[in-house]
Amino acid sequence: MKRTQRLQGWWDSELSPHLAVVLATGEELDLIVDSGFNGEVVLPKPLITRLGLPDDGTMFSLLADGSVVETEVHIGEIVWFGQTREVRIQATDSHEGLLGTELFQGSVVELDPDANRVLFRKKPGRALKRAK
Amino acid sequence: MSTKQRRRQATTSTKKSARKPRKMSPLARKAMRLYETKLKALLEPTCIGKFVAIEPDSGDYFVADRMSAAMRQARLKHSDKKFFLVRIGFKAAVSFKNPVPLSL
């Protein structure tokens, strides 16, 4: 599999950055790049069911209003910088998928709406930074 | 404000910030009981910010820097089980700063 060093997305008319992410099975997902979400991937429930993503358990999620809810976790495999990577996918009742900052790690992310630029560049060494 | 009132206020705010979901699955309930009674004291002094995947029936737990790594380790040992994921020292494993409709 070819090692891609850059992943390029786009901005929509509502000023949301998007990235097309391909599952290892070949389906393409249109995800909103959400710097306010610190997980990996969120997908609509019907899509998770259609893709048959295996159930892996649950976790608590802290929502924007301060409430905590228990959410399902599914296992998925995405092609990330040309390599297959296992990710945990949370189910949403929304029709939109999200890509969170857990996947930003090891990349430089450029978001420039004026130039319609959404760019993930792979860093040479893998960096792991977590806010304490 | 008296010392007694200050103490009561501190206790109230701590309880509010640590509130749990109104609805919890049996998996989450068992795993959180294990976390609160055993794992919290064991892991919070040294592993804040890491993830722990808990298999509550066996009591096994798997700590890693990334959520997928913790869950993968758990699945390697218990291929037929489901796990509860905790971010050590945090009230939720992940957070959403923007409104998003989520439910179990």
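Model, not experiment: these values are computed from the prediction. (Residues numbered from 1 in each chain as written. Chains lettered and ligands numbered in written order. Predicted model: local features only at pLDDT ≥ 70, side-chain atom pairs only at ≥ 80, totals over all residues. Heavy atoms only, no water.)

Some points on the confidence of the model for chain A
Per-residue pLDDT for chain A has a mean of 92; in total, 92% of the residues score no lower than 70. Confidence, expressed as mean pLDDT per element, reaches its minimum in chain A at strand β8 (residues 83–92) of chain A with 94 and its maximum at strand β2 (residues 10–11) of chain A with 98. (pLDDT = per-residue confidence, 0-100. Helix = DSSP H or I, 4+ residues; strand = E, 2+ residues; numbered from the N terminus.)

A short note on the environment of Asn 98 of chain B
Along the chain, Asn 98 of chain B falls in the segment after β4 (94–95). Classification of Asn 98 of chain B as partly exposed rests on a relative accessible area of 38%. Beyond its immediate sequence surroundings of up to four residues, Asn 98 of chain B is in contact with Asp 34, Gly 36 and Ala 64 of chain A. A polar atom in the side chain of Asn 98 of chain B sits 2.8 Å from the side chain of Asp 34 of chain A. (Buried < 20%, exposed > 50% of the residue type's maximum accessible area, 1.4 Å probe, protein only. Contact = heavy atoms within 4.5 Å. Polar contact = N/O pair within 3.5 Å; in protein donor to acceptor, adjacent residues only side chain to side chain.)

Quick word on helix α2 (residues 26–43) of chain B
At Glu 36 of chain B, α2 of chain B is deflected by roughly 50 degrees, the largest bend along its length. Here α2 of chain B has its buried residues at Leu 27, Ala 28, Ala 31, Met 32, Leu 34, Tyr 35, Leu 39 and Leu 43 of chain B. (Bend = angle between axes of the 7 residues up to and from the residue.)

What to know about the interface of chain B and chain A
Tallying the contact residues gives 38 residues for chain B and 46 residues for chain A. Of the roughly 3,800 Å² buried where chain B meets chain A, counting both sides, 55% is carbon and sulfur surface. In this assembly, chain B and chain A are joined by three salt bridges. Taken together, the links from chain B to chain A amount to 16 residue pairs in polar contact (both at pLDDT 80 or more). When residues of the side of chain B that touches chain A are traced back to their parent elements, those giving at least two are α2, α3 (67–77), β3 (83–87) and β4 of chain B. When residues of the side of chain B that touches chain A are assigned to their parent elements, the largest contribution, five residues, is made by α3 of chain B. Residues of the side of chain B that touches chain A, tallied by class, amount to 22 nonpolar, six polar and 10 charged. (Buried area = accessible area lost by both parts, 1.4 Å probe. Salt bridge = Lys/Arg side-chain N within 4 Å of Asp/Glu carboxyl O. Nonpolar A, V, L, I, M, F, W, Y, C, P; charged D, E, K, R; others polar.)

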